[in-house]
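The chain contents come next:
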Amino acid sequence: MSVIINEKAQKVIRCKKKIKHFLKKIAQYIGITSYFVLSFLHKNVKKKDMSYIKIEKDKLVNLEYTLGKEYLRTNRAGAYASSTLCNCNTRKYHGLLVVPLKDGQKHVLLSNVSETVVQHDKAFRLGINKFSGGVFEPHGHRYLREFGSNPIPSTTYRVGGVVLKKEILLTMNEHTMLIRYTLLEANSPTKLRLQPQLAFRNIHTLNRANMDANFKIGESKNGVKVKMYQEYPFLHMQCSVQSKYVAAPDWLYNIEYQEEQRRGYDYQEDLFIPGYFEVDIKKDQSVIFAAGLDEAATAGLLKKFNSEVEKRIPRDSFENSLLNAASQFFIKKDTELYPEAGFHWYGFEFREALISLAGLTLPQGEVAVFEESMQTILKRFYKAKQTIAADLPLHLIRTIQQYADYVKNPQTVWEKYGKDIVKIVKSISEGFYAMQLHDNGLLWIPENEPTQTWMNEIIDGHAVTPRTGYVVEINALWYNAVMFIDALATLNGDKKTQKFLDGFKNKIAESFCNVFINDRGRHLSDTINSQGVITDTRSNQIYAIALPYSPLDDSKRLLVLESIEDHLLTERGLRTLSPRNHKYERLECDTDYNRSRTKHQGSVIPWLLGLYTEAKLNIHGHTGLYSLVKRYTAFEEVMNQRGLGTISEYYSGNPPYDAHGAISYAPSIAEIRRMKMLIDDFAKNSPK
């Protein structure tokens, strides 16, 4: 009887295995098929309309709407131009020519240009500023009819029978801004007046009318040059055609920047007006207005403008908008090439550079840009020495690992970066970078160093999210770094490095599990120190299941992923803290205090989706493709929000997930791009 039962049991087991195998194949088929279907639809939808970022005409005259949309253009020289869709500056960081100067800081030279169309002695003013008391003057937004961004920002105005198009660009490698005005329609003789509004100040400060300002105007070819203060260079302002310049020096008093007011900063400023240009313009004629640190050859400005436009990446699709945004972060200064962290107030930041470098370069195959930027980062890394935060050396190794995964040449990687990554690991083991290597193989951050990770906000001298002791992502990155270097050393026959790593590599995984897997077992503890175990469900644990070398077995990784999806996953990224946690904070008022208090207590971080994608594909494979593609394409709607054609630094933890922080943030752009690269590579290498 028992034999018969065993035979029946075996048949049931075999049947279950067949069903399980069949379901797995179905899931794989659905995952791959859905990927190709979504990709096909996505590619074909974007080909229908070459103007990717579109704003409906009825919204263009809605001042509240247009003030909330910002454009940004940058160049490799470190300059940028940025304002709102209606060209009313709402930030002290806005300006048409913002350039880095000798002090290493960025300065707003040309804040704005106010245009006036003149016909039959009637003047129609197209500009707009906000003044004290909430007064907007003039009301140029009423004439807005069209906005485009492919390949450069363009605004079209209609005033009666006049249709005027305005296009803005920065030259690629110079501190020069060009505006092209084209008269598309006109039934009568037309004049165009251009009134520059000057700031000549650091981007973090504001200017007031003062006696130190130099009102003297110098001559340039078809224009003038101005130098408001002795420590500044001349700003040359010129037209491509013969123009009449009327000197009328004055101050524009009490300009208000409503975003600064909302953020709790000083928000009023006086701008200097040196005078205005007046040019005759005919139908179908284009006139170039140039503002730059060097005098321009005015006869060649139109040709130069057209040449610069041809160099631009077309913004005719989601992918090209992301590529365009990615290219805007890179700065070439002397012998250095590097990505800045974001706009408007960020400069070079180690953490952001390391998190974003792979995603900014490798999806489009820019290996040389990666290598040149990494050379700059390494040089600055060694120069910074003891000021380096604990996670940075580990992120540096991870970034080189991403490069290694892409080039697939262990020998080249070892030759280029082997000495650096081994040196870094040895320094860590010797107690550098604010970390101590314990006998159990794990890294410990001293309790007097509470801001050594990316969750480093401070209020009144105290860490908002103090993270010391054993920190989950630090040790996940540590295990991954050690195993990666060991694998490279093995492939390249470096026995000395292998022997060095043998001293602690085999301890890390077991110790990690013993320390970070909490009693419930569904997610990892965030930190463990002398104060106790912090079991908050945070996004930091994603590192332990996303990196190529994980200290967790498959079953534990699955549980952690499920917990992350249950508590932290949103359409804009991962929350920094579960909303079910009593520490969870919702950003209600965007003041400096509230931003610091809430940023890592529940806000949503887009760049963590790169790690989530790796984890999802590692654990679920083909069955995870469909949801990942949907999550990636969902970011398309962000392209028409806040920073046009780019992605913000972080978002509110609750729907509708309002954008906050920098309007364009390198890690956000980079990791969404890398997300797409990971999806494509997985689908391409999967059995059809």
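Keep in mind that what you see is a predicted model, and the values were worked out from it rather than measured.

Observations concerning helix 8 (residues 367-384)
The end-to-end C-alpha distance of helix 8 is 25 Å, a good match for the 26 Å that 18 residues give at a rise of 1.5 Å each. Inspection of helix 8 places Val 367, Val 369, Phe 370, Ser 373, Met 374, Thr 376, Ile 377, Leu 378, Phe 381 and Ala 384 among the buried residues, and these make up the whole buried set. Contacts from the buried residues of helix 8 go to strand 19 (330-333), strand 20 (336-339), helix 7 (350-361), helix 9 (392-407) and helix 10 (410-429). Of the residues flanking the end of helix 8, it is Lys 385, one or two places downstream, whose phi is positive at about 50 degrees.

So, the pattern of salt bridges
This model, assessed by the stated rule, comprises 39 salt bridges. Notably, a salt bridge pairs Asp 270 with Arg 208, separated by 2.9 Å at the nearest N-O pair. Linking Asp 270 in strand 17 (residues 268-281) with Arg 208 in the loop between strand 12 (190-202) and strand 13 (217-220), this pair joins segments that are 62 residues apart in sequence. Overall, Asp 270 belongs to the buried group, its relative accessible area being 4%. Residue Arg 208 is classed as partly exposed on the basis of its relative accessible area, which comes to 36%. The residue Lys 583 makes a salt bridge to Asp 536 at a minimum N-O spacing of 2.8 Å. Highlighted residues: Lys 583 in the loop between strand 30 (573-575) and helix 16 (592-598) and Asp 536 in the loop between strand 28 (532-534) and helix 14 (542-546), separated in sequence by 47 residues. A relative accessible area of 28% places Lys 583 in the partly exposed class. Exposure remark for Asp 536: the relative accessible area of 9% places this residue in the buried category. What you see here is one network of salt bridges that share partners, running through Glu 70, Arg 91, Glu 259 and Arg 262.

Quick look at the sheet that holds strand 9 (residues 154-159)
Pairing within the open sheet is antiparallel, and its eight strands lie in the order 8-9-10-11-18-15-14-13. Edge positions in the sheet fall to strand 8 (144-148) and strand 13, since each of these pairs with one other strand and no more. On average, adjacent strands in this sheet sit at an angle of 20 degrees to one another, irrespective of strand direction. Those strands touched by helix 5 (residues 301-311) are strand 10 (162-170), strand 11 (176-185), strand 15 (235-239) and strand 18 (286-292), and its axis lies near 100 degrees from that of strand 11.

The rules behind the values
- Residues numbered from 1 in each chain as written.
- Predicted model: local features only at pLDDT ≥ 70, side-chain atom pairs only at ≥ 80, totals over all residues.
- Heavy atoms only, no water.
- Helix = DSSP H or I, 4+ residues; strand = E, 2+ residues; numbered from the N terminus.
- Expected span 1.5 Å × (residues − 1).
- Buried < 20%, exposed > 50% of the residue type's maximum accessible area, 1.4 Å probe, protein only.
- Contact = heavy atoms within 4.5 Å.
- Salt bridge = Lys/Arg side-chain N within 4 Å of Asp/Glu carboxyl O.
- Pairing = 2+ DSSP bridges.
- Axes fitted to C-alpha atoms, helices over the stretch in contact; angles between N-to-C directions.

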